[in-house]
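Spelled out from the first residue to the last, the chains are:
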Amino acid sequence: MRVLLVPAPLIGHVAPLLPLAAALRDAGHEVLVATAADGLRAVRPGLPAHDVAPGFDLGRTARRVLLRHPLIARAELAGTAGTRGAGLLFGAVNDQLADPVVAVAARVDAEFVLVRPDARLVRRRLPGNVRTVDWIPIPAALPASAALVHHGGAGSVLSALVAGVPQLATVGAGDRRHHAELVAARGAGIAARTRDITADTLARLVTDAGLRDAARQVGAEIAAMPGPGELVRRLESLR
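Rules used throughout
Residues numbered from 1 in each chain as written. Predicted model: local features only at pLDDT ≥ 70, side-chain atom pairs only at ≥ 80, totals over all residues. Heavy atoms only, no water. Helix = DSSP H or I, 4+ residues; strand = E, 2+ residues; numbered from the N terminus. Rg over C-alpha atoms; globule rule 2.2 N^0.38 Å. Contact = heavy atoms within 4.5 Å. Areas by Shrake-Rupley, 256 points an atom, 1.4 Å probe, with all protein chains shown as cover. Lys, Arg positive; Asp, Glu negative; His and termini not counted. Charge placed at Lys NZ, Arg CZ, Asp CG, Glu CD. Pairing = 2+ DSSP bridges. Axes fitted to C-alpha atoms, helices over the stretch in contact; angles between N-to-C directions. Salt bridge = Lys/Arg side-chain N within 4 Å of Asp/Glu carboxyl O. Buried < 20%, exposed > 50% of the residue type's maximum accessible area, 1.4 Å probe, protein only. Arc of directions from axis to C-beta.

## So, the overall build of the protein chain
Phase 1: Along the protein chain, the regular secondary structure elements total 13 helices and eight strands.
Phase 2: Its C-alpha radius of gyration of 25 Å places the protein chain more than 25% over the 18 Å reference for a compact globule of 239 residues.
Phase 3: Expressed along its principal axes, the backbone C-alpha trace of the protein chain runs to roughly 95 × 40 × 30 Å.
Phase 4: Long-range pairs, those at least 24 residues apart, make up 46% of the contacts in the protein chain with a sequence separation of at least 6.
Phase 5: Looking at the protein chain as shown, the accessible area adds up to about 14700 Å², and 58% of this sits on carbon and sulfur atoms.
Phase 6: Put simply, the protein chain has 28 plus and 21 minus side-chain charges, and the middle of one group is 5 Å from the middle of the other.

Here it is as structure tokens:
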């Protein structure tokens, strides 16, 4: 099991989780503590840690939050704010940690090329192993690819099969579910709902020798089929 612990970047928030982290590690699980700033100083030797917010400054974050909420700031100083101030503060902390934590968690030893992604995604800061391109001919790109992740359309399915490349076809409406399930049943790829795709799913896609071998077998079967020229001769013979 892979376990990601994400305590707030404070010694007092990291320390209580360390016994659990050590117990998970000792039980043979892969553990990573993702935190920042003072929190990193609490992590014991032997426990992997990752700084998800270099330069994080809790004081600066607190000042920004309290200036935006002067009434809650006054109540905090008086000790009457209850959990309102803490909720605002750690909500702001989590906003700074969320994307870096996701980048550490969605990590797969592969380079991802997103073809014609949504414009909103292009504007986001993407992990270092992810880049975007405009439209490209997918069949031309597949010989240099380890795998293809796509929407489940027939063209994408067949392109990957012809190239002998493992594929992840998302289960969707129309004939997309049928396509994805056929690919998975042949062992040449994975069928999955978009919301169920994880880093482990993608890691399996690019490392599973069984998927790769099955995809190559189907590619060889397709290559052995009559080519367009022979098909033309057959069609002409029907006149």
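Now, onward.
## Some remarks on the sheet that holds strand E2 (residues 30-35)
Phase 1: If you trace the three strands from one edge of the open sheet to the other, you get E1-E2-E3, paired in parallel fashion. Edge positions in the open sheet fall to strand E1 (2-5) and strand E3 (49-51), since each of these has one partner strand only. Taken pair by pair, the neighbouring strands of this sheet meet at an average axis angle of 25 degrees, ignoring direction.

## As for the pattern of salt bridges
Pairs may arise between side chains of opposite charge once their charged atoms sit close together.
Phase 1: This structure, assessed with the given rule, holds 10 salt bridges.
Phase 2: The residue aspartate 196 makes a salt bridge to arginine 193 at a minimum N-O spacing of 2.6 Å.
Phase 3: With a relative accessible area of 35%, aspartate 196 lands in the partly exposed category.
Phase 4: The class of arginine 193 is partly exposed, set by a relative accessible area of 38%.
Phase 5: Here arginine 204 ties to aspartate 208 by a salt bridge, and the two come within 3.2 Å at their closest N and O atoms.
Phase 6: Looking at arginine 204, the relative accessible area reads 40%, which means it is partly exposed.

## Describing helix H10 (residues 176-186)
Phase 1: Restricting attention to buried positions, one finds in H10 the residues His179, Ala180 and Val183. The arc that holds the buried residues of H10, viewed along the axis, is 95 degrees, so those residues lie on one side.
Phase 2: Buried residues along H10 sit in contact with helix H9 (154-163), strand E7 (167-170) and strand E8 (189-192).
Phase 3: Glycine 187, located one to two residues past H10, shows a positive phi value of around 85 degrees.

## Description of the sheet that holds strand E6 (residues 148-150)
Phase 1: Pairing is parallel across the open sheet formed by three strands, whose spatial order is E6-E7-E8. Sheet topology places E6 and E8 at the edges, where each strand pairs with a single neighbour. Strand-to-strand, the axes of this sheet are offset by a mean angle of 15 degrees, without reference to chain direction.
Phase 2: Alignment of E7 against E8, held across four bridges, turns out to be parallel. Directly across from alanine 169, in E8, lies its bridge partner alanine 191.

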